[in-house]
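# Chains, contacts and geometry: an overview
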Amino acid sequence: MAKEHVSPVASVATAFAILFIIVTALAGLALVVVNALNESAWATFTIAVTVPAALLVGLYMYKLRPGKLVEASLVGVTIVVLGVIGGEPLSHSSFGQWFVLSKPALSIILPLYGMVASVLPVWLLLCPRDYLSSYMKIGTIALLTIGILVVNPVIHMPAFTRLSTVGAIIPGTVWPFVCITIACGAISGFHALISSGTTLR
């Protein structure tokens, strides 16, 4: 589009800009995931459960019982919820050690997973995985809202905390990682950039 409506130079600049945005965003998000899963059997087990759950839902909806969305949803959401609930006791068992991964191991496993997920049919993994994740996100927000209303805490927060200079999951200051937050926001257009990768077309 840039080449057609602006100039060849603009198209090359646009291509490099898009590549830079994608690499930066993926690197930042990968760093967040690696730090979140690092040495956490519970988190790793939960993620490990969602992948086969998504595969099963994809096969259920498109091959086994096409059109049975409610059935597939109940099966998938049940498996994911059981994975989240069962992850905590499993993390304290001897079996939990199988899911304790270091940062270097996660740094290899995550790109490998991304490569496999990118070559599989979208209906088999990406669509059902995102579909199941939406239930988890909505459920978490709903439970947090109910919890806040029930507890009704009095919160006195300063304008700035140590997290603005030390960081939380991401080690480092707010800048430049605030760019990752913006990149994932509705105002950025990053999702529009990659939306063709998660559609059924």
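Shown above is the structure to which this text applies.
Read on for an overview of the structure. (Residues numbered from 1 in each chain as written. Predicted model: local features only at pLDDT ≥ 70, side-chain atom pairs only at ≥ 80, totals over all residues. Heavy atoms only, no water.)

Helix and strand counts for the protein chain stand at nine helices and zero strands. When the helices and strands of the protein chain are placed in sequence order, the string is α-α-α-α-α-α-α-α-α. Relative to its full complement of 201 residues, the protein chain shows a buried share of 21%. Here the contacts in the protein chain between residues at least 6 apart in sequence split such that 69% fall between residues at least 24 apart. (Helix = DSSP H or I, 4+ residues; strand = E, 2+ residues; numbered from the N terminus. Buried < 20%, exposed > 50% of the residue type's maximum accessible area, 1.4 Å probe, protein only. Contact = heavy atoms within 4.5 Å.)

Take unusual backbone geometry next. Its identity is not glycine, yet glutamate 39 carries a phi of approximately 55 degrees, on the positive side. With respect to the helices, strands and loops of the structure, glutamate 39 is situated in the loop between helix H2 (8-37) and helix H3 (41-64). Even without being glycine, asparagine 152 reaches a positive phi, approximately 50 degrees. Of note, asparagine 152 is situated in the loop between helix H6 (126-151) and helix H7 (163-166).

For the structure shown, the criterion picks out two salt bridges. Here arginine 65 ties to glutamate 71 by a salt bridge, and the two come within 2.6 Å at their closest N and O atoms. When its relative accessible area of 28% is taken as the criterion, glutamate 71 is described as partly exposed. Among the salt bridges present, the one from arginine 129 reaches aspartate 130, with a minimum N-O distance of 3.3 Å. (Salt bridge = Lys/Arg side-chain N within 4 Å of Asp/Glu carboxyl O.)

The next thing to look at is a nonpolar patch on the surface. Nonpolar side chains collect at one region of the surface, where Val12, Phe16, Leu19 and Val23 lie side by side and expose about 400 Å² of accessible area between them. Position of phenylalanine 16 relative to the elements: it lies in helix H2. (Patch = residues over 30% accessible without salt bridge, like charges linked within 9 Å, V, L, I, M, F, W, Y side chains within 5 Å. Areas by Shrake-Rupley, 256 points an atom, 1.4 Å probe, with all protein chains shown as cover.)

Purely geometric stuff here, so don't read any function into it on its own.
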